[in-house]
Amino acid sequence: MAFPALTKEESRALQRCNQCGFCLAHCPVYKVTGVEWTSARGRIALIRAALLDDKLDFKELSDPVFNCLTCNACVDDCPAGVQTSDIIFSAREKFSGDSLTNRLLFRKLLASPSFLHKATRLLRLADITGLRSVARETGLIKLIGDAGKAEAMVPRVPPGAGLDRIIALAEKIDNPEYRVAYFTGCYAANLAPQEAAATMRILHRHRVDVVVPEFVCCGIAAPAYGDISSARSLARRNIEIAAGLDIDAIVTPCASCSSFLKGYGKLLADEPEWAEKAASFSDKMKDLTEFLTGIGLVTGMGAVEGRVTYHDPCHLVRYQKIKQPPRSIIASIPGLEFIEMEESDMCCGAAGTYGLKNYDLSMKVLARKMDNIAQTGAGVVVSGCPACIMQLASGARMRKMPVRALSIIDLLDRAYQAAEGAD
Amino acid sequence: MAKNLVKGLTGIVGSENILYSRRDLLAYGYDATQRQEVPQFVLFPRSTDDISRVMKLACREKVPVVPRGAGTGISGGTVPVKGGIVLELSRMNRIIALDTANHRAVVEPGVVNLDLQDALAPLGFMYPPDPASQKSCTLGGNIGENAGGPLCFRYGVTSKYVCGMQVVLPDGEVVEFGGNVEDVPGYDFRGLLIGSEGILGIATRLVLHIVPLPEASRTMLAVFDNLEDAGQTVSDIISAGIVPAALELMDRRMCWAIEQSVNAGYPTDADGVLLIEIAGLADGLDRQAGDISEICRRNNVRELRSAETKAECDILWKGRKGAFGSVARICPPYLVNDGAVPRNMLVQALRKVQAISEKYHVQIANVAHAGDGNLHPLVLYDRDNPQECMSARKTSEEILDTCLALGGTISGEHGVGLEKMAAMVRMFALADLAFMRSVKQVFDPKNILNLGKLLPDEPGPVAQHTVPKTASQDFHHMLGEIVGAGNLIADDDVTSSYQVDGLMPEAVGFAPTTEQVSGIIRAGNLYRKAIIPWGGGSKQESGPCLSAANIVLCLKNMNRIIDLDTGNLTVRVETGKINSDLQRELAGHKLFFPLETPFAETSTIGGELATNESGPGRFKYGTARDLVLGMTVVTPSGDIIRPGGKTMKNVAGLDLGKMFIGSWGTLGVITEAVLRLFPLPEARRSICMVFPDVERASAVTGRILNSVLLPTAMELMNGVAVSRMESSSLPSLKEVEVVLLVDVEGSIEEVERHLKQITVLAEENGVSFMNTFDGEKANALWNDYRRLHRVFLNGIPAGLKCKASLPISKTGDMFKAVGEIADKHKIEASINAHCGNGTVYAFVSAEKEKVFNVIDDLKQEAAGLKGLSAIEAAPLWVRKTPGVHLIPATHELMKRFKQAIDPNNILNPSKVGGY
């Protein structure tokens, strides 16, 4: 397998790193491994050594390219402005852009909501029939390597999932203040119907008319596996779907989706017939916390007792620079005691499906996060990204910590429900 | 062999702490200079013992070893150019102890600089050196490079803040340099190791000096249309006696680069900006800020901006700290230069840099620690253009030559590493390089530690030691030819007054020049005659006894001021100059040299440096090692070397100067010294307080030490000392009463604040008498105090002067213990102490049979307090007694060192350590 040559831009991006080492202070993976090449500087040095200077066989790049969290912690503080995640994504593309898995996963499975739904139903069937435990006990699961170890992290599939059921929740709002398209994302649609319901309730309460188009996967996972071209075709599909809608905004409570959807403009910037449409799609895109604090939260919350802390998803705090809105939401809920944790914006190690391929590293990064959570003494850790929430929940489970991981939307929904209960 | 090596190394550190796949190795083959090499192994030692065992193995197998921290160096210091082992210390990152009461932090070398700061800040303390890479770089690396940073203008560089360290020598031997107390007997290997770029040894545990955080600070940005105006502003601020925490200068191109990366609000169209931070007591800070803005205005400042909030301050600093990286945005590859010049030459240097940039058609962005004259021109070039690469290199060379021509150095703080090796030859004479090589040889005879760094590989032709031609082979005749017949006296009447340790010298030579000192020493080598350097003779009755004394080499005729640079605040002086004579001349320029020693009226600068003498002001200003920037030294072989220079910062080559300070003339004769000067303060007050006992006085000094106050001196005296002092300013004391003398100087507001707060503390602790002095009365008081040592030694020839060095919080305990020991032996003891430095002096006069019991008791007591006690001055019969002197912890290394440097044992034989 020959390695595709670097473009001029790519080699320039690599040379931009002046190896000052400031990233060592921020990289979560470097912090837990203490091995130089796991830092941004180290990964770039190795990519450079392999692709520019011919000092390393490019096959050796597999780990350095794939076990980066792409959390962007290094990017924010890089004086030279090195976009490490971009470098990593393009290196991944060169590695496995056209692999069979990618073709199956991103061009078939994620490209069709119904296909995906069928797949999750199979997973649920496996749970119900006990097939999953059979697979675990017979060691079959181990055959798939790290992903096997991570099996415990794959959530149970709840009943009541599916896009159709979410669409059915849309109510008619008289004299709506806003009209939005709800981008459910694969998670809420298939694994967390309760969150989708909460989203609908909250939006309705804010007098927002909601449409639920049949969007396909946002595409964020594809570049993570080196398949940027699939991400582009998913993007084009979603842009087409949104094109005919008369809406003020597209919203989603999923930080990963919102961050990637906001990047459509950049993703398709080089395609003349799409660039403009993509940019206007991205302009419409709002993370749900951003949207709600932007329009102003309606009153009428009841008290939710307890001490909470907040974990910043990388896709929210760095990719979208959204730090304050979730905190304002928490602050507006009566009864809560909020304690800021140390390193609240450090990655939890979930990083999409990172943990499936890099289980041990993911767990080490998580351990640091769980220590920080434990220090606050909070009973609930709130976040804004499904991957983070699943990761934090499994962290709590494994450590038997009395901490619940909750999405910010679920928390807000509870506050409103509490008021109703009190009525 | 390689297989056995893997096995051996794995056996030491464990398989999880060794890397040897090509991929892993590549990532340890660079630092921030972008040079890529590949080591054979990367090891992560877990302990001093691991490192010692690795070094033993490496030594046996002759494998090169490179110690490495975070690899953020910018001179190539950790690039493994010879392959071998990279000893990665970043995982040895435990903070072992934070002891604010004693102003100490004990850490492993892998602790990141900022992590220590973060741990200290909640305790109200800081560790001053703050290199721009502080969030990633390790403290071990800081020591290797003698790191500086913006704050070092006010506080001084790393060498000032390292008290002690555990070191693994290249052969695996584990030694302790320095200690937890300030004054440790023996050569200052600690000073030599700091900035040695890992070629001499590996520091594995560090005892650092920490200081209280300042109470308040202000950050300002001054924008100038003209670089000269910015430069003049810096000079004016310094000569006004204002000592900002930082004074950073950036030129137009640098501001532009910074604005591309951090939106810090720097103007991109100004010729230069100054980032000024003042810090200290809140009192007077406003006026200081006002004074600075007045100076800025006088120098045509275009705009003066004050950071109003912490966020505004942080963003201004973020711009500065990210300056290097920002340049990478414009142009990823660049060469960092790190020259330093006398600080009043900075603008001249920057203009020359501009001219060079035009000559070679390359872009240069400049950032400078202006207060220290340390400039960092960043030369930008296109890596793919060979022509530009060449130009960039030439540009850098010329910049360094420019710094040298202006009396500067090739490296202010980044180190020589690989980058500036070629420039070493241009900066240093062959003799200097040869001396450095012999130091390296002593430490690393097998030549395995960080090879190819700092010292140019190929030794140049070593200067031939030529003995002056003389008609006769008669030694005295030869000496006469060297110094001139009139300067050599062999007359018994004269030589008898130069008797030392009971030895009668053959002759006394008065050398008027460094060359003649060199000639005498060469002659001494030829005839194997012991040479005894002599200044004012005030400390010849101190320390271990000489084993021979043939010729007294008297330097008192070498007493000229060679270069008084009032703009740079330095003086180069011949070392035969009497301290108080120098001070008188400096006072005429409203300057002073803050080394006020007990014998200042008779002792020479050379003698004070050689014996590392100090006075009460050391609490604020430090000791000789912090105040001497450069020197001229005649080595025991007669070579003339010139360590250091007249720049505030200098890390070019080994810091040899430190070795001569406190070496008692056994390693070389200091003939000239460049001293740091300070403007006379605006205000000064001395507070005299009487407390009912030591405990209450110590409570006061303890509170001051843990506060934002910074007096110049805090001196404690018992009743005997007070009565000996015979000062009209002091009351006489009853029983266990003590006097605490506190000296305070600075701005009027600072002095007022000190007085107010100290008065409150004193009253809370039962002060029974309090008086303040200023002007001549204060001077007289301190002169009397300094003379205390002299009064005692002159008055009682059988007297004994012992000096104890302790953790500072134990000063009072030792003070009290000395009194109790005196009572126990029914003798009289004059006791005085530097409370801020943990130094307690005891003057006792005891009958013969008691002397050794007293000495032993003092030693035991000091040891019990984790300190040590040594005899300084004593009658010959005491000093001659075997076992009476402390044996330095580095005894063996000292002996090897002395033997290598002075193989014929010519200079002050046996004066240090008995060899």
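The residue count restarts for each chain, going from 1 along the sequence in the order it is written. Following the order in which they are written, the chains are lettered starting with A and the ligands numbered starting with 1. For this predicted model, a pLDDT threshold of at least 70 governs which residues receive local features, and a threshold of 80 or more governs which side-chain atom pairs are given and counted, while totals over whole chains, interfaces and linings are taken from all residues. The side-chain numbers reported here are obtained from all heavy atoms of the structure, hydrogens and water having been left aside.

Caption draft 1: Representation of the overall build of chain B within the structure. Working definition: helices are DSSP H or I runs of at least four residues, strands are E runs of at least two. Numbering for both runs from the N terminus. Of regular secondary structure, chain B possesses 32 helices and 37 strands. For 915 residues, the compact-globule formula gives about 29 Å, and the C-alpha radius of gyration of chain B, at 27 Å, lands near that figure. Here the C-alpha coordinates of chain B stretch approximately 80 × 65 × 60 Å along the principal axes. Throughout, exposure labels follow a simple rule: accessible area from a 1.4 Å probe, protein chains only, divided by the maximum for the residue type, with under 20% read as buried, over 50% as exposed, and the rest as partly exposed. By residue count, 64% of the 915 residues in chain B fall in the buried class. If you take every contact in chain B between residues at least 6 apart in sequence, the share linking residues at least 24 apart comes to 74%. Calculation of accessible area relied on Shrake-Rupley with a 1.4 Å probe; when residues are assessed, cover is drawn exclusively from the protein chains displayed. Looking at chain B as shown, the accessible area adds up to about 31,500 Å², and 50% of this sits on carbon and sulfur atoms. Charged residues are defined narrowly, with Lys and Arg counted positive, Asp and Glu counted negative, and His plus the chain ends left uncounted. A charge is said to be at NZ when it belongs to Lys, at CZ for Arg, at CG for Asp and at CD for Glu. In chain B, 93 positive and 106 negative side-chain charges are present, and the distance between their average locations comes to 4 Å. Within these notes, the globule rule equals 2.2 Å times the number of residues to the 0.38 power, and the radius of gyration is based on C-alpha atoms. A contact between two residues is defined here by any heavy atoms of the two lying within 4.5 Å.

Caption draft 2: Geometry of the sheet that holds strand E14 (residues 272-280) of chain B. Residues and elements named next belong to chain B. Between any two strands, at least two bridges found by DSSP are needed for them to pair. In space, the 7 strands of this open sheet follow the order E15-E12-E14-E13-E17-E18-E16, with antiparallel pairing throughout. Because the sheet does not close on itself, it has two edges, and the strands there are strand E15 (301-306) and strand E16 (334-336). For this sheet, the mean angle separating the axes of adjacent strands, direction not counted, is 15 degrees. Across 7 bridges, the pairing between strand E17 (residues 363-369) and strand E18 (residues 374-380) is antiparallel. The residue of E18 that forms the bridge with Asn366 is Pro377. Seen against the sheet, helix H9 (residues 252-261) touches strand E13 (246-251), E14, E17 and E18 and runs at an angle of roughly 95 degrees to E13. Note on geometry: axes are C-alpha line fits, over the in-contact stretch for helices, and angles between N-to-C directions span 0 to 180 degrees. In the packing of helix H11 (residues 310-321) onto the sheet, the strands contacted are strand E12 (216-224), E13, E14, E15 and E17, and the crossing angle to E14 comes to about 125 degrees.

Caption draft 3: Up close: the interface of chain A and chain B. Counting residues at the interface gives 34 residues for chain A, matched by 36 residues for chain B. Taken together, both faces of the contact between chain A and chain B bury some 2,700 Å²; the carbon and sulfur share is 49%. Broken down residue by residue, the surface that chain A buries against chain B is led by Asn18, Phe22 and Lys55 of chain A, which jointly contribute 21%. The term salt bridge refers to a pairing of a side-chain nitrogen on Lys or Arg with a carboxyl oxygen on Asp or Glu at a separation within 4 Å. Linking chain A with chain B are 4 salt bridges, by the criterion used here. Of the charged contacts in the structure, one is a salt bridge between Asp77 of chain A and Lys318 of chain B, with a shortest N-O distance of 4.0 Å. Polar contact is defined as a pair of N or O atoms within 3.5 Å, subject to the rule that within protein one atom must be able to donate a hydrogen and the other to accept it, and that residues adjacent in sequence are counted only when both atoms are side-chain atoms. Seen at the junction of chain A and chain B, the total is 14 residue pairs in polar contact (both at pLDDT 80 or more). Of all elements in the fold, only helix H2 (28-33), helix H3 (40-51) and helix H4 (62-66) of chain A reach the threshold of two or more residues within the side of chain A that touches chain B. Element by element, the count of residues in the side of chain A that touches chain B is highest for H3 of chain A, at 6 residues. Among the residues forming the side of chain A that touches chain B, the class breakdown is 16 nonpolar, 9 polar and 9 charged. What gets called buried area is simply the loss in accessible area from a 1.4 Å probe that two parts show on being joined, summed for both. Each residue gets one label: Ala, Val, Leu, Ile, Met, Phe, Trp, Tyr, Cys and Pro are nonpolar, Asp, Glu, Lys and Arg are charged, and the others, such as Gly, are polar.

Caption draft 4: Quick look at the pattern of salt bridges. Evaluation of the coordinates by the stated rule reveals 78 salt bridges over all chains. One salt bridge in this structure joins Asp269 of chain B and Arg302 of chain B, with 2.9 Å as the shortest N-O distance. Residue Asp269 of chain B is located in the loop between H9 and E14, and its partner Arg302 of chain B is located in strand E15; the two are separated by 33 residues in the primary sequence. Accessibility expressed as a relative area gives 46% for Asp269 of chain B, which makes it partly exposed. Judged by relative accessible area, Arg302 of chain B falls into the partly exposed class, the value being 36%. In this structure, Asp372 of chain B engages Lys649 of chain B in a salt bridge whose closest nitrogen and oxygen atoms are separated by 3.9 Å. You can see Asp372 of chain B sitting in the loop between E17 and E18 and its partner Lys649 of chain B sitting in the loop between strand E27 (640-641) and helix H24 (657-660), a full 277 residues away along the chain. Comparing Asp372 of chain B with Lys649 of chain B, the two get one shared label, buried. Linked by salt bridges that have partners in common, Glu36 and Arg41 of chain A together with Arg68 and Glu88 of chain B make up one network.

Caption draft 5: Structural view of the sheet that holds strand E2 (residues 41-43) of chain B. Residue and element names in this part refer to chain B. Strand order in the open sheet formed by 4 strands is E1-E2-E4-E3, with mixed pairing between adjacent strands. Every interior strand has two partners, whereas the edge strands, strand E1 (18-19) and strand E3 (65-68), have only one. With 2 bridges connecting them, E1 and E2 associate as antiparallel partners. Its bridge partner lying in E2, Ile18 is registered against Leu43. Where helix H1 (residues 2-13) meets the sheet, it contacts E1, E2 and strand E4 (85-88), and its direction lies at approximately 10 degrees from that of E2. Of the strands in this sheet, E2, E3 and E4 are in contact with helix H3 (residues 48-61), which crosses E4 at around 170 degrees.

In short, geometric facts, not functional conclusions.
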